Amino acid sequence: MIGDETRASAKAEQEYELHHHDPRTGTWGDRHEIRTCLQTLGVESASLHQLPTKITHFTGRSVELEKAIAILQRAQGEGDPTLLTVSGTAGVGKSAFAIHVAHCIKHDLSEIQFYANLRGTENQPLEPQEVLSSFLQALGVGYPMASASLAEQQSIYQLMLSGRRVLMVLDNARDAAQVQPLLPDSPTCTAIVTSRQRLELPGTTLELEPLPPAEALELLQKVGHVSPELTAAEQLVTLCGRLPLALKITGGTLCNQAQPPENYADRLADERQKLEQLQSSYLDVRASFAVSYAQQEKAIARLLRLIGLLVRPNLTAALVAALLECDLEAANKILSALVRSGLLEPAESGCFRLHDLIRLFAKEQLARGESAEMRRIVRLRASYWYCETAELLALAFDLTDESLVPLEKQAFSQGDDELLRTVLSWFDREKLNLLAALEWANQTQAWETVVRLAQSLTRWFELRHDWKNWEQTHRLALEASCKLSDRHAEAQILNSLGNAYFRQDHRKKAREHYEKSLSLLRELADGYQESQTLTNLGLLYKREGDDEKAIALWQTALKGFPTNSAAAHQLEFWLQSPQGIALDEMQPAIEAGDRSPRLAIQQIIAGCAIGAIALLVVLVLLIRGI
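Residues numbered from 1 in each chain as written. Predicted model: local features only at pLDDT ≥ 70, side-chain atom pairs only at ≥ 80, totals over all residues. Heavy atoms only, no water.

## A look at the overall build of the protein
Right, so step 1: In terms of helices and strands, the protein carries 28 helices and eight strands.
Right, so step 2: Of all 626 residues assigned to the protein, the portion counted as buried reaches 58%.
Right, so step 3: Within the protein, contacts between residues separated by at least 24 positions form 72% of all contacts whose residues are at least 6 apart in sequence.
Right, so step 4: Summed over all atoms, the accessible surface of the protein reaches about 25,800 Å², with 49% contributed by carbon and sulfur. (Helix = DSSP H or I, 4+ residues; strand = E, 2+ residues; numbered from the N terminus. Buried < 20%, exposed > 50% of the residue type's maximum accessible area, 1.4 Å probe, protein only. Contact = heavy atoms within 4.5 Å. Areas by Shrake-Rupley, 256 points an atom, 1.4 Å probe, with all protein chains shown as cover.)

Encoded structure:
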């Protein structure tokens, strides 16, 4: 427990944190409320077992399945890392096949099971560093190690996986360059990669073709309850190009709408003819999308369109309720209908995903079915929802920030570490949507939302060392606070920008922003936040080697902190020995809440040269508990 001067001083010896102005002064996070929100959003902390659930209605592919398993088993006995690449056209079922294969062999590779959708067919595919960072966090490696350079990440990653029974599925890869840094080099590891392209990678490539007619009919019967003896069934299979994605959507819609297969086949044939005239790509799957979409109820079709607004659609009932302005019960019913139609798939608990081709179709329908004004309104609804959700979850950062919480209210536990990691998982998952939401709010002149959302992202940016987005979002927030004539918010944003520049070692800019913040805070007579900024400015002078100036600023800052506060005790320690503490010991923790012995040692290691083999071995031993 933290709660006395001794503990505060001990912590001060380890680190010195830049101070953040808290717009919610006097408010601390409710653990139960935060956990309830995370459960609603289907968020879990990084796990070593990440395989998606087994594919329902997986049909056929017995020849390919037998071949894939034989390839993997043979390669495992050859002393090299095992790699199988699955390629094929869009909608042919590469992801489903890879996941099914993984579930068939996972019992022999049960120690670690990684999964990543590399989003290679999207405009913003995942970078190798982003994926490695996620895997390293699951392995227990904290920041800044998990956010080091690509070469450093790979060194740690390979060492952590060495000799361990690992299975990974790298889904939807763009090219070999995206995949190669992620492949383990230990012979005990097995990787399955999927891509629409044939990739120049080691190992074996298995190219999937459309399903044989009999297997295609079987799949349609399973999903759509269509008798395979019907002529219409054979016609539907042909119109779907025997592609599993198109067949699942067609079967799901038939089952959901309870209509004669003959009528549906006629509509599908008409739609395919239209698309041929337009020279559209992916005719088979696009035709099935269009017919299924046209037969959905109004609210269901509208949600499918609105999904096209999201930069990265991580769908939950809470987000759907915000987009459609409906209650959670109605949102869940609409999501269930889309799942039954084959247009959405359940992902982790409470979350849904959709195929990238369906998302492309949704964006096309959005442009046709929603006016520019309505798109603006819905974007603003999304911005409000992301802002409110981010504000609530960001309270978890306050729970583990001892400079914000009074000593008598501090009661940290290992559970708070886990809570923080889960919150970080949500912010990481929603990164692109959060940045887009702030931009949408700015475009629609929702200035208060811009300020609130930017402030909610500050601690996440710091923990993730994302200086670029920290700076960009807060510049928008600074303009927004000026538009609102909110001088207090302006002072808070200026201090935060000063911290962002400090982190990037842009000392002149940091000083300018701290001094502007101080000027406003003195006018507002906010002694506490003035002391926080004075402390930060003192740290800047300390970095520049001007200890005398730093001491003077800290002495002034001390007067503004409550006597028995953690911030005061922390600052008193630094005033007692400013000459004897190295600046690199005055940096923020790797991650707020890292208080267990193992994580404390990770912090120490993080300050050392990552390339040192001895230190890496220590890290491995700590994480693996050897």
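On we go from here.
## With respect to unusual backbone geometry
Right, so step 1: Phi is positive for Arg61, close to 60 degrees, though the residue is something other than glycine.
Right, so step 2: Tracing the backbone through its elements, the reader meets Arg61 in the loop between α2 (31–40) and α3 (62–76).
Right, so step 3: Residue Arg61 is classed as buried on the basis of its relative accessible area of 2%.
Right, so step 4: At Gln445, a residue that is not glycine, the phi angle is positive and equals roughly 60 degrees.
Right, so step 5: With respect to the helices, strands and loops of the structure, Gln445 is situated in the loop between α19 (431–443) and α20 (447–463).
Right, so step 6: A residue is classified by how much of its surface remains accessible, and Gln445, at 55% relative accessible area, is exposed.

## Quick notes on helix α14 (residues 317–324)
One turn of an α-helix holds 3.6 residues; hence residues three or four places apart share an orientation.
Right, so step 1: Most of α14 sits inside the fold, with eight of its eight residues counted as buried.
Right, so step 2: Within the sequence span of α14, burial applies to Ala317, Ala318, Leu319, Val320, Ala321, Ala322, Leu323 and Leu324.
Right, so step 3: Immediately beyond the C-terminal end of α14, within one or two residues, lies Glu325, with a positive phi of roughly 55 degrees.

## Overview of the pattern of salt bridges
Right, so step 1: Here the structure, examined in full by the defined rule, presents 27 salt bridges.
Right, so step 2: With a shortest N-O distance of 2.7 Å, Asp428 and Arg464 are connected by a salt bridge. Pair noted here: Asp428 is in helix α18 (residues 414–429) and Arg464 is in the loop between α20 and α21 (467–484), with a separation of 36 residues, a long-range link.
Right, so step 3: The partly exposed category is assigned to Asp428, whose relative accessible area is 26%.
Right, so step 4: By relative accessible area, Arg464 is classed as buried at 9%.
Right, so step 5: Residues joined in a network through salt bridges with shared partners are Arg119, Glu122 and Arg359. (Salt bridge = Lys/Arg side-chain N within 4 Å of Asp/Glu carboxyl O.)

## Notes on the confidence of the model for the protein
Right, so step 1: Within the protein, residue pLDDT values average 83, and 82% of them lie at 70 or more.
Right, so step 2: Mean pLDDT values for the elements of the protein range from 36 in helix α27 (residues 597–606) up to 97 in α21.
Right, so step 3: Note on residues 1–15: pLDDT under 50 across the span, and 30 contacts to partners over four residues away in sequence or across chains.
Right, so step 4: Below a pLDDT of 50 lies the segment residues 403–412, which in the model reaches 34 contacts outside its immediate sequence neighbourhood of four places, other chains included. (pLDDT = per-residue confidence, 0-100.)

## What about the sheet that holds strand β1 (residues 82–87)?
Right, so step 1: Overall, parallel pairing links the five strands, which are arranged β2-β3-β4-β1-β5 in an open sheet. Only two strands of the sheet have a single partner each, and these edge strands are β2 (112–117) and β5 (204–207). Neighbour-to-neighbour, the strand axes of this sheet turn through a mean angle of 15 degrees, independent of strand direction.
Right, so step 2: Pairing of strand β3 (residues 166–171) with strand β4 (residues 189–195), which is carried by five bridges, proceeds in the parallel orientation. By the bridge assignment, Leu170 is partnered in β4 with Val193.
Right, so step 3: Running at roughly 165 degrees to β4, helix α4 (residues 94–105) makes contact with β1, β2, β3, β4 and β5 of the sheet.
Right, so step 4: Packing of helix α5 (residues 128–138) onto the sheet brings it into contact with β2 and β3, and relative to β2 it is tilted by some 150 degrees. (Pairing = 2+ DSSP bridges. Axes fitted to C-alpha atoms, helices over the stretch in contact; angles between N-to-C directions.)

## A look at the packing of α20 against α21
Right, so step 1: Axis separation between α20 and α21 bottoms out at 8 Å; the angle between their running directions is 150 degrees. Relative to α21, the element α20 lies roughly antiparallel. The element α20 and its partner α21 pack so that their crossing is left-handed. Between α20 and α21, the contacting residues are Trp447, Glu448, Val450, Val451, Ala454, Gln455, Thr458, Phe461 and Glu462 on the first element and Trp467, Asn469, Trp470, Thr473, His474, Leu476, Ala477, Ala480, Ser481, Lys483 and Leu484 on the second.
Right, so step 2: Grouping the constituent residues of the contact of α20 with α21 by class yields 11 nonpolar, six polar and three charged. (Parallel < 35°, antiparallel > 145°, perpendicular 65-115°, else oblique. Left-handed = near helix turned anticlockwise from the far one by under 90°. Nonpolar A, V, L, I, M, F, W, Y, C, P; charged D, E, K, R; others polar.)

## Regarding the sheet that holds strand β6 (residues 315–316)
Either a parallel or an antiparallel arrangement is found when strands of a sheet pair, and the pairing is made through backbone hydrogen bonds.
Right, so step 1: Pairing is antiparallel in the open sheet, where three strands are placed in the order β6-β8-β7. At either margin of the open sheet sits one strand with a lone partner, and together these are β6 and β7 (345–346).
Right, so step 2: Strand direction decides the pairing type here: β6 and strand β8 (residues 351–353), joined by two bridges, are antiparallel. Considered in β8, the bridge of Leu315 is made with Phe352.

## Details of the environment of Glu209
Right, so step 1: Topologically, Glu209 is positioned in the loop between β5 and α8 (213–224).
Right, so step 2: For Glu209, a relative accessible area of 48% translates into the label partly exposed.
Right, so step 3: Residues Glu209 and Gly93, spaced 116 residues apart in sequence, show a C-alpha to C-alpha distance of 9.1 Å.
Right, so step 4: When near neighbours in sequence (up to four residues on either side) are disregarded, Glu209 contacts Arg61 and Val92.

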